[in-house]
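Chain by chain, the residues run as shown.
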Amino acid sequence: MTSIAIVDYGMGNYHSVERALRHAAPEADIRLCKLASEIDAADRVVFPGQGAMADCIRTLDEAGLRDAVLRAAANKPLLGVCVGEQMLFEKSEEGNTPSLAIFKGDVRRFKGPAFDAPTQSSADHADRLKVPHMGWNPVRQVRAHKLWEGIPDLTPFYFVHSYYAAPTDPELTVGECNYGGTFTCAVAQDNIFAVQFHPEKSADYGLRLYRNFVDWQP
């Protein structure tokens, strides 16, 4: 039986991820894990996150799970979700926060002329895009990957975020989305796949992505 550890460090919608995984893979042994030993023992690891990057890094370290995540990223299939994807990069503009630096690149806030500016009146920015980016948006599959199997290109997924990962190496990007411009929303390298959107909130194709992760043999 495949064992899947969901890294529980206090900053993610773990129960929603757990329910989605159980639905997608009822035969798997799926556990919320607060101990490094549990993560080390699992066959696969899901690394979710939500909230502010600085809080996520702080609570990950306070839980003593940073090294367990790094070990998982080095030697077993790992799926990052939302801030769990962002934390794989070097640093975030959100509080100028250093992160896990598994991938080169940074995490940036949506900004520029297309976006809402907090100092403007509502009349001044009625035509601007809101931050956070929230809701369904189609994802363009930049290159083929086993986790896209059975998921049509431009399938909408559900997003809730104000920041996005900007990889230094464009080859990391496997999915893109457009919100005031094109941004990376899925990355992959070797045994790691990570997404900015929430598969657990993305209906049948979100469940398919989780199923693909369970079946993936990198």
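It should be noted that the structure appears before, not after, this text.
Because the structure is predicted, anything quoted here is derived from the model rather than measured. (Residues numbered from 1 in each chain as written. Predicted model: local features only at pLDDT ≥ 70, side-chain atom pairs only at ≥ 80, totals over all residues. Heavy atoms only, no water.)

Student: Any chance you could explain the overall build of the chain here in plain terms?
Tutor: A count of helices and strands for the chain gives 6 helices and 13 strands. The C-alpha radius of gyration computed for the chain amounts to 17 Å, which stays within 12% of the reference 17 Å derived for 218 residues, consistent with globular compactness. Considering only C-alpha atoms, the chain reaches an extent of 55 × 40 × 30 Å along its principal axes. The proportion of buried residues among the 218 residues of the chain is 53%. Considering only contacts within the chain whose residues lie at least 6 apart along the sequence, 70% involve residues at least 24 apart. A total accessible area of about 9,700 Å² is found for the chain, and carbon and sulfur atoms account for 50% of it. Counting 22 positive and 28 negative side-chain charges, the chain places the centres of these two groups 0 Å from one another. (Helix = DSSP H or I, 4+ residues; strand = E, 2+ residues; numbered from the N terminus. Rg over C-alpha atoms; globule rule 2.2 N^0.38 Å. Buried < 20%, exposed > 50% of the residue type's maximum accessible area, 1.4 Å probe, protein only. Contact = heavy atoms within 4.5 Å. Areas by Shrake-Rupley, 256 points an atom, 1.4 Å probe, with all protein chains shown as cover. Lys, Arg positive; Asp, Glu negative; His and termini not counted. Charge placed at Lys NZ, Arg CZ, Asp CG, Glu CD.)

Student: What should I look at first to understand the layout of surface pockets in this one?
Tutor: Rolled over the atoms, a probe with the dimensions of a water molecule shows which regions are left empty. Reported here for the largest pocket is a volume of approximately 180 Å³. Taken together, 15 residues line the largest pocket, and the ones lying closest to its centre are G51, C82, V83, V160 and H161. Secondary-structure elements contributing two or more residues to the lining of the largest pocket are helix 5 (83-86) and strand 9 (155-161). (1 Å grid on protein atoms, 1.4 Å probe; cavity = no way out; pocket = protein on both sides within 12 Å on 5 of 7 lines; lining within 4 Å. Points joined across faces, edges and corners; volume = space filled by probe spheres on them.)

Student: Can you help me understand the pairing of strand 1 (residues 3-7) in this one?
Tutor: Along any regular strand the residues' side chains alternate between the sheet's two faces. Extensive coverage of strand 1 is indicated by the burial of 5 of its 5 residues. Of the two faces of strand 1, the one holding S3, A5 and V7 and the one holding I4 and I6 are both buried throughout. Inspection of the sheet shows strand 1 paired to strand 2 (residues 29-33) by 5 bridges, in the parallel sense. What sits directly across from S3, in strand 2, is D29. Taken together, strand 1, helix 1 (residues 14-24) and strand 2 constitute a β-α-β crossover, and its handedness is right-handed. Alignment of strand 1 against strand 3 (residues 44-49), held across 3 bridges, turns out to be parallel. When the sheet's bridge partners are listed, A5 is paired in strand 3 with V45. (Pairing = 2+ DSSP bridges. Right-handed = clockwise from strand over helix to strand, strands pointing away.)

Student: How do you make sense of the sheet that holds strand 6 (residues 97-98) when you look at a structure like this?
Tutor: Within a sheet, each strand pairs with its neighbour through backbone hydrogen bonds, oriented either parallel or antiparallel. On the basis of which strands lie adjacent, the open sheet formed by 4 strands has the order 6-5-7-10 and mixed pairing. Looking along the sheet, the strands with just one partner apiece sit at the ends: strand 6 and strand 10 (163-167). Bridge count for strand 7 (residues 105-109) against strand 10 is 5 bridges, and the pairing is antiparallel. If you follow G105 over to strand 10, its bridge partner there is P167.

Student: Sorry, what's going on with the pattern of salt bridges here?
Tutor: Close approach of charged atoms allows side chains of opposite charge to pair. Enumeration according to the criterion identifies 12 salt bridges in this entry. For the salt bridge of D29 with R31, the shortest nitrogen-to-oxygen distance reads 3.1 Å. Looking at D29, the relative accessible area reads 22%, which means it is partly exposed. Between R140 and E176 there is a salt bridge; the shortest N-O distance is 2.6 Å. Residue R140 is located in strand 8 (residues 133-141), and its partner E176 is located in strand 11 (residues 173-178); the two are separated by 36 residues in the primary sequence. With a relative accessible area of 40%, R140 lands in the partly exposed category. Through salt bridges with shared partners, one network takes in E27, R211 and D215. (Salt bridge = Lys/Arg side-chain N within 4 Å of Asp/Glu carboxyl O.)

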